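Results of the structural survey
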Amino acid sequence: MRIREAKDFLVAQTAEQAGLEGVPLSDLEKRMMYFTESGYVPEDPIKLNEEFEAEYDSDEYEAKISRLLHHAYGRLRKENDAVRKNWDLAIKCLRRSDHYLLVMWDLAPSTWTSVRDSLRLLASALGIIALAFFVFYISEKLEPQRTWLKEASQTHWRVLFGIFITIFLAVFFFPRRVGIAVGWVMDHALSRFLGLKEDEKDSE
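Residues numbered from 1 in each chain as written. Predicted model: local features only at pLDDT ≥ 70, side-chain atom pairs only at ≥ 80, totals over all residues. Heavy atoms only, no water.

For the rest of this paragraph, the subject is the overall build of the protein. Across its full length, the protein carries 10 helices and zero strands. Each helix and strand of the protein, ordered N terminal to C terminal, gives the series α-α-α-α-α-α-α-α-α-α. In the protein, which comprises 204 residues, the share counted as buried stands at 36%. Considering only residue pairs separated by 6 or more positions, the protein has 72% of its internal contacts joining residues 24 or more positions apart. Accessible surface, the protein: about 12700 Å² in total, of which carbon and sulfur atoms supply 60%. (Helix = DSSP H or I, 4+ residues; strand = E, 2+ residues; numbered from the N terminus. Buried < 20%, exposed > 50% of the residue type's maximum accessible area, 1.4 Å probe, protein only. Contact = heavy atoms within 4.5 Å. Areas by Shrake-Rupley, 256 points an atom, 1.4 Å probe, with all protein chains shown as cover.)

See the structure below:
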C-alpha cells in the first residue's frame, strides 16, 4: 500500500464514521488529515496549515479526529475484519515517515486514557500496599534478618512511593502525553498479543 492510498483509505473511513455518528466533518478538516512536513501533500502544506489555523483549534481538532479514527477502527473490528486488516496495513505504511494522521491516531481516546490511567494508579497503590505487608510479614518470620529487612523495606517503600507519586503527577499534569504513550503501547505492544502482527503478514 502506498502512502496516498493509505491516507485516502483512512480519511474515507473517518468520514464514514463521522456520518454514522452525525459529527460534522468539513472538507478542510479532511484535507488537513493529509498534512505532513516531510512528504507528499496534495496541496501546498504551508497554505493548508495557515488556512486551517485561521478556522480551527488544533487541540480540539486532534481530539475529534482521534476519537473518530478509534471509533471507526473498533467498528471495523466487529463488522469487517478484511477492511480492518487494510487499516492495519495503512497505519504500517504511514509509520515509515512522519504524518499528521499518525499524531491523531496515536492519541488515546480520552475515555480509554482516563480508565487506564486510573487502573494504573490503583494497581501501583495496591502493589505498594501488598509489598509493604509482605515485607513486614517476612520480617516477623525471619528473626535473624529482621533488622536488615526493616531497613530494606523502609528504602523500598520510599522508592515505590516515589514511583507512585511520579505516575500520579504525570497523569495529572501531562494527560495528553500519557495518552500518547498509552496509544503507542496499544499499537506496538498489546497488538502483538492480539494477533494483529500475524494478520498483517497474512494480508501481505
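Once you've had a look at it, read on.
Under the defined criterion, the tally for this structure stands at 11 salt bridges. In this structure, Arg31 engages Asp27 in a salt bridge whose closest nitrogen and oxygen atoms are separated by 3.6 Å. In this pair, Arg31 and Asp27 both sit in helix α2 (residues 27–32), four residues apart, roughly one turn of the helix. For Arg84, the salt bridge goes to Asp88, with nearest N and O atoms at 2.4 Å. With a gap of four residues between them, Arg84 and Asp88 both fall in helix α5 (residues 81–94), about one helical turn apart. On the accessibility criterion, Arg84 (4% relative accessible area) is buried. Taking the relative accessible area as the measure of exposure, Asp88 reaches 8% and is therefore buried. A cluster of three or more residues bridged by salt bridges with shared partners is formed by Asp27, Arg31, Glu43 and Glu51. (Salt bridge = Lys/Arg side-chain N within 4 Å of Asp/Glu carboxyl O.)

Below, the discussion takes up helix α1 (residues 3–21). Each α-helix turn comprises 3.6 residues. Residues three or four places apart therefore point the same way. Here α1 is 19 residues long and its end C-alpha atoms lie 27 Å apart, about the 27 Å a rise of 1.5 Å per residue gives. Where α1 is concerned, the buried positions are Ala6, Lys7, Phe9, Leu10, Val11, Gln13, Thr14, Gln17 and Ala18. Contacts made by the buried residues of α1 are with α2, α4 (58–79), α5 and α6 (100–105). Of the residues one or two after α1, Gly22 is the one with positive phi, at around 70°. (Expected span 1.5 Å × (residues − 1).)

With that out of the way, let us pick up the packing of aromatic side chains. Counted according to the given criterion, the structure contains eight aromatic pairs. Taken together, a centroid distance of 6.2 Å and an interplanar angle of 85° make the contact between Phe35 and Tyr100 edge-to-face. Remark: Tyr100 occurs in helix α6 and Phe35 occurs in the loop between α2 and α3 (45–55); sequence separation between them is 65 residues. For Phe35, a relative accessible area of 12% translates into the label buried. Site record: aromatic cluster; members linked through ring pairs are Phe35, Phe52, Tyr56, Tyr61 and Tyr100. (Phe/Tyr/Trp six-rings, centres within 6.5 Å; stacked < 30°, edge-to-face > 60°.)

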